[in-house]
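Coordinates in review
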Amino acid sequence: MPENQTPELEIPANLLPSDGRFGSGPSMVPHISMQNLANEAEKYMGNSHRKDSVRGLVGNLQEGCRNLFNLPADWEVLLGNGGATLFWDALSFTGIKKQSQHLCFGEFSSRFANVVENTPHLNNPERITSDMGTHPEPTANPEVDFYALTQNETSTGVAAPLIRPATDGLVGVDATSAAGGMLWDTTQADIYFFSLQKGFASDGGIWLACCSPAALERFEEVRKGRWSPDTLDLHLAHRNSIKQQTLNTPAIATLYLAVQYSNWVLDNGGLEWAANRSKTTTDYVYDWAEKYELANPFVSIPSERSPVIATISIDESIASATICRIFRKNNILDVDPYRKLNQNLLRFGLFPARDPKDAKALCECLEFVIENI
Ligand SMILES: *Cc1c(COP(=O)(O)O)cnc(C)c1O
């Protein structure tokens, strides 16, 4: 149905969720975090990132990650500007020695493999693929010095277990939409990296990476043997991060909002609490979709369904794009599926910051729109 023919449909106010921002990234930033930022802004915004107030924020975020993820004492939390996309570039300069293996099962995991493929000083990456809506398994390969895993493929809503292949080689995990909403085991990874505008309920612009001693050694070793631009030099990022600094000026509000998130989770009992909270929300939506005749979970194997992002197939008789447009007019935002999947889907970012009660509201709104369209 073309845009100008979208039926006018007003969803009754009593059905609406408490917050209409359902995007998978940027995701909903809690009202209270924004309020706190507004109240405290002058302590941080417009302050030097080389002085105590902003360095204190960086330190709080690093400490928050140590506690949330229960990092071993010899791990470091590195950060810099440019988000996860820039971190892929950095890995291609100072993380991967010669060859990487990538589990490709959606847009983001494939994009990292493309970065490596286009990097002149690296061999072609090994790609292991699987059908959209599933995930592949890593396999040990003696040629490979870096295994690229993705804990949650944001484009499809597939979660994959993090399992270190039985071989040498660093394990680097793109946890951009998983971090802060899914548990992980530090023995299975060397680099756990993410941006802050998804599970951490903050804003864009910063990458953060929890790194094992083996990863830190790798950065130094690779940098010694190969030129790198400073912005992609992870050994340099390490040297700045241990001083609670970034190479260049960071996005200060992003740091502030991320600290709000990690404090909120820690105050409520930690990562397990947060992971359970979003799983409750997504389970509700998956159960609804299984029971409702005009919908279905897109990911067919229940254990592979993301606990933070629910992708739902809608019966062909109703265009999901029409639902998106009606939702938007009713201030339920950004539930469009990942654009390249080309199927009749809706996708909901349901990270821990979301009140689980909104799951019921969301499903009621969906039924209302589908039945009154
Ligand atoms: C969003 C996302 C990225 C890209 O993050 P940016 O901050 O936009 O660079 C990378 N990987 C995954 C899994 C993502 O969900």
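As a reminder, the structure under discussion sits directly above these lines.
Described in the following lines is the structure provided in the data block. Please read these numbers as outputs of a predicted model, since none were measured by experiment.

Considerations on the nonpolar core
Residues Leu61, Phe69, Ile191, Tyr192 and Phe200 are the most contacted members of the largest nonpolar core, which totals 88 residues. In terms of residues, this core owes the most to one element, helix H7 (residues 252-267), which gives 8 residues. In this structure, Leu61 is in contact with Leu79, Leu196, Phe200, Leu208, Leu255, Ala258 and Val259, ignoring residues within four places of it in sequence. Formed by 30 residues, the second largest nonpolar core is a distinct cluster that contains Ile326, Leu350, Ala359 and Leu362.

Regarding the pattern of salt bridges
The tally for this structure, following the rule as stated, stands at 18 salt bridges. A salt bridge links Asp283 to Lys279; its shortest N-O distance comes to 2.8 Å. Taken together, the positions of Asp283 and Lys279, both in helix H8 (residues 271-291) and 4 residues apart, correspond to about one turn of that helix. Overall, the relative accessible area of 30% leaves Asp283 in the partly exposed class. The shortest N-O distance in the salt bridge between Glu290 and Arg305 comes to 3.2 Å. Taken as a pair, Glu290 in helix H8 and Arg305 in the loop between strand S10 (295-297) and strand S11 (309-314) lie far apart in primary sequence, 15 residues in all. Among the residues examined, Glu290 registers a relative accessible area of 46% and is labelled partly exposed. On the basis of relative accessibility, which here comes to 13%, the residue Arg305 falls in the buried class. In the salt-bridge network here, residues are joined through shared partners; they are Glu107, Arg111 and Lys340.

Topic: unusual backbone geometry
Put simply, Gly25 and Pro26 share a cis peptide bond, and its omega is 0°. For Pro26, the location among the structural elements is in the segment before helix H1 (31-44).

Structural notes on the site of the ligand
Taken together, the neighbourhood of the ligand is formed by Gly83, Ala84, Thr85, Trp88, Phe108, Asn152, Thr154, Asp174, Thr176, Ser195, Gln197 and Lys198. A distance of 2.7 Å separates a nitrogen atom of the ligand from a polar side-chain atom of Asp174. Lys198 places a polar side-chain atom, nitrogen or oxygen, 2.7 Å from an oxygen atom of the ligand. Relative to its unbound accessible surface of 380 Å², the ligand loses 87% to contact with the protein. Sort the elements by how many residues they give to the shell around the ligand and helix H3 (residues 83-94) lands first, with 4 residues. Of the residues assigned to the shell around the ligand, the class counts are 3 nonpolar, 7 polar and 2 charged.

Concerning the sheet that holds strand S1 (residues 76-81)
Taken together, 7 strands build an open sheet; the order of strands is S1-S9-S8-S7-S4-S2-S3 and the sheet is mixed. The two strands at the open ends of the sheet, each matched to only one other strand, are S1 and strand S3 (126-129). Strand-to-strand, the axes of this sheet are offset by a mean angle of 20°, without reference to chain direction. Bridge count between strand S2 (residues 100-104) and S3: 4 bridges; the pairing is parallel.

Focus on the sheet that holds strand S12 (residues 345-349)
With antiparallel pairing, 3 strands are arranged side by side in an open sheet as S10-S11-S12. Either end of the sheet is taken by a strand with one partner, and the two such strands are S10 and S12. Recorded for the sheet is a direction-independent mean angle of 30° between the axes of neighbouring strands. Of the pairings in the sheet, the one linking S10 to S11 comprises 3 bridges and is antiparallel in character. Across the sheet, Asn296 pairs through a bridge with Ser313, a residue of S11.

Here is what the cut-offs are and how they apply
- Residues numbered from 1 in each chain as written.
- Predicted model: local features only at pLDDT ≥ 70, side-chain atom pairs only at ≥ 80, totals over all residues.
- Heavy atoms only, no water.
- Core = buried A, V, L, I, M, F, W, Y, C linked by side-chain atoms within 4.5 Å.
- Buried < 20%, exposed > 50% of the residue type's maximum accessible area, 1.4 Å probe, protein only.
- Helix = DSSP H or I, 4+ residues; strand = E, 2+ residues; numbered from the N terminus.
- Contact = heavy atoms within 4.5 Å.
- Salt bridge = Lys/Arg side-chain N within 4 Å of Asp/Glu carboxyl O.
- Near = heavy atom within 4 Å.
- Polar contact = N/O pair within 3.5 Å; in protein donor to acceptor, adjacent residues only side chain to side chain.
- Areas by Shrake-Rupley, 256 points an atom, 1.4 Å probe, with all protein chains shown as cover.
- Nonpolar A, V, L, I, M, F, W, Y, C, P; charged D, E, K, R; others polar.
- Pairing = 2+ DSSP bridges.
- Axes fitted to C-alpha atoms, helices over the stretch in contact; angles between N-to-C directions.

None of the figures reported here should be taken as evidence of function without further support.
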